[in-house]
Amino acid sequence: MNLFGFAQQFFDDPTRWSGPDGIPTRLAEHVEYSLLALAIAMLIALPIGLITGHTGRGGNALAALATAARALPSFGLLVLLTILMGLGLTPVMVPLVALAVPPILVTTYEAMRGVDPSLVDAAKGMGMPRSRVLWQVELPVALPLILSGIRSAAIQIVSTATIAAYVSFGGLGRYIVDGLAQLRYEKVVGGAALVAALALVTLGVFWALGRVLVSPGVRRSR
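Residues numbered from 1 in each chain as written. Predicted model: local features only at pLDDT ≥ 70, side-chain atom pairs only at ≥ 80, totals over all residues. Heavy atoms only, no water.

**Some thoughts on the side chain of Glu 29**
And then number 1: If you trace the backbone, Glu 29 turns up in helix α2 (residues 23–55).
And then number 2: Of the polar contacts made by the side chain of Glu 29, one reaches the backbone nitrogen of Gly 171; its length is 2.8 Å.
And then number 3: Beyond its immediate sequence surroundings of up to four residues, Glu 29 is in contact with Gly 170 and Gly 171. (Helix = DSSP H or I, 4+ residues; strand = E, 2+ residues; numbered from the N terminus. Polar contact = N/O pair within 3.5 Å; in protein donor to acceptor, adjacent residues only side chain to side chain. Contact = heavy atoms within 4.5 Å.)

This is the structure in structure tokens:
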């Protein structure tokens, strides 16, 4: 049987659409893990990126930190934390957050540093305090690039959150892990297809956010 046959077998099964192992339940769990990890990563990375980008200090340290964080193996970190801390949500969140912080942090810093200095000088010449320059001038101009960093982090989280299933949590990774263990490849293919579909939906959500949050003038200039 080919991949399409496995996928059809998975999605045509009526038991897949209800119950604790149904697609709605597993999808909701996966989205919950992903949103929680993304929110934590944004709370860590956005303030640091905004402040360092605004002041122009700490760029080398951010680059070194991002490189180190990207080198961490997510699954290996999950296994290590599970051994040290036991089963729980924290060992799942730490690798996902570590994966998401670098793109948000570096992109936010670069976005702030890429703002046209003449705009900042004009705002300061009008007597705007530094805080208003940051929030009303630099941030609106830098927002498209900042959103691209958050989008990249979100897609990486969605794709990697399947590791939660390896430590007895749910999510779409449950189908992949259980399918491999049971040699039921329709579950593996179905789970992978759902993760890919969720990643595409994430792309669409951030496209819509860009249309809503970014001013038309900034979009045209880019």
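So, next bit.
**Considerations on unusual backbone geometry**
And then number 1: Of note in the backbone geometry, Leu 183 takes a positive phi value of approximately 55° without being a glycine.
And then number 2: In this structure, Leu 183 sits in the loop between α8 (173–182) and α9 (185–213).
And then number 3: Taking the relative accessible area as the measure of exposure, Leu 183 reaches 59% and is therefore exposed. (Buried < 20%, exposed > 50% of the residue type's maximum accessible area, 1.4 Å probe, protein only.)

**Some details on a nonpolar patch on the surface**
And then number 1: There is a patch of nonpolar side chains on the surface, built from Val 201, Val 205, Leu 209, Val 212 and Leu 213 and spanning about 440 Å² of accessible area.
And then number 2: By secondary structure assignment, the location of Val 212 is in helix α9.
And then number 3: Residue classification places Val 212 among the exposed positions, given a relative accessible area of 68%. (Patch = residues over 30% accessible without salt bridge, like charges linked within 9 Å, V, L, I, M, F, W, Y side chains within 5 Å. Areas by Shrake-Rupley, 256 points an atom, 1.4 Å probe, with all protein chains shown as cover. Salt bridge = Lys/Arg side-chain N within 4 Å of Asp/Glu carboxyl O.)

**What to know about the packing of aromatic side chains**
And then number 1: All chains considered together, the criterion is met by two aromatic pairs.
And then number 2: For the pair Phe 11 and Trp 17, a centre-to-centre distance of 6.4 Å together with 40° between the ring planes defines the contact as tilted.
And then number 3: Ring centres 6.1 Å apart and planes at 85° place the aromatic pair Tyr 33 and Phe 169 in the edge-to-face group. Taken together, the positions of Tyr 33 in helix α2 and Phe 169 in the loop between α7 (130–160) and α8 put the pair 136 residues apart, joining distant regions of the chain.
And then number 4: Overall, the relative accessible area of 9% leaves Tyr 33 in the buried class.
And then number 5: For Phe 169, a relative accessible area of 21% gives the class partly exposed. (Phe/Tyr/Trp six-rings, centres within 6.5 Å; stacked < 30°, edge-to-face > 60°.)

**Observations regarding the packing of α2 against helix α5 (residues 90–113)**
And then number 1: Contact geometry for α2 and α5: axes closest at 7 Å, N-to-C directions at 30°. It follows that α2 is roughly parallel to α5 by the angle criterion. The interaxial crossing formed by α2 with α5 has right-handed handedness.
And then number 2: Class assignment of the residues belonging to the contact of α2 with α5 gives a composition of 21 nonpolar, six polar and one charged. (Axes fitted to C-alpha atoms, helices over the stretch in contact; angles between N-to-C directions. Parallel < 35°, antiparallel > 145°, perpendicular 65-115°, else oblique. Left-handed = near helix turned anticlockwise from the far one by under 90°. Nonpolar A, V, L, I, M, F, W, Y, C, P; charged D, E, K, R; others polar.)

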